[in-house]
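Listed below, chain by chain, are the residues.
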Amino acid sequence: MNELDLTNTQAVAFMVVLIGLLLYLNHRDRKKSAKLERENKQTIKTPTEDLSPDYGRYIQLSGVRVYGGIE
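Everything numeric here is computed off the predicted structure, so don't read it as measured data.

Procedures and definitions
- Residues numbered from 1 in each chain as written.
- Predicted model: local features only at pLDDT ≥ 70, side-chain atom pairs only at ≥ 80, totals over all residues.
- Heavy atoms only, no water.
- Helix = DSSP H or I, 4+ residues; strand = E, 2+ residues; numbered from the N terminus.
- Buried < 20%, exposed > 50% of the residue type's maximum accessible area, 1.4 Å probe, protein only.
- Areas by Shrake-Rupley, 256 points an atom, 1.4 Å probe, with all protein chains shown as cover.
- Patch = residues over 30% accessible without salt bridge, like charges linked within 9 Å, V, L, I, M, F, W, Y side chains within 5 Å.
- Salt bridge = Lys/Arg side-chain N within 4 Å of Asp/Glu carboxyl O.
- Lys, Arg positive; Asp, Glu negative; His and termini not counted.
- Charge placed at Lys NZ, Arg CZ, Asp CG, Glu CD.

(A) Inspection of the overall build of the protein chain at higher detail. When you go through the protein chain residue by residue, the secondary structure sums to three helices and zero strands. Its helices and strands taken in sequence order, the protein chain reads α-α-α from the N to the C terminus. Considering the protein chain as a whole, with its 71 residues, one finds that 1% of them fall into the buried category. Accessible area for the protein chain stands at about 7100 Å²; split by element, carbon and sulfur atoms hold 59% of it.

(B) Focus on a positive patch on the surface. A grouping of R28, K31, K32, K35 and R38 is seen on the molecular surface, where their side chains present a positively charged patch. As for its position among the elements, R38 is in helix 1 (residues 8-45).

(C) Summary view of unusual backbone geometry. We note that D5 has phi near 55°; this positive angle belongs to a residue other than glycine. For D5, the position within the fold is in the segment before helix 1.

(D) Looking closely at a nonpolar patch on the surface. On the surface, L4, F14, M15, L18, I19, L21, L23, Y24 and L25 cluster together to form a nonpolar patch covering roughly 850 Å² of accessible area. As for its position among the elements, F14 is in helix 1. Relative accessible area serves as the criterion here: at 35%, F14 is assigned to the partly exposed category.

What follows is the structure, encoded as structure tokens:
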């Protein structure tokens, strides 16, 4: 590696450190992605619990005319 004025031994050590850093960052990213995926699966199942029990009634009332009857 002429640009950095490193000996062959130093260049090999530098490359090993860089590869190790890349492997560590990849492992950390995969772990974070798996955690986010687990959290997303949990949040998909819960929205129905947050809805009001009268939610369906509001939808039914949206089609009713003011003077009675259904549109």
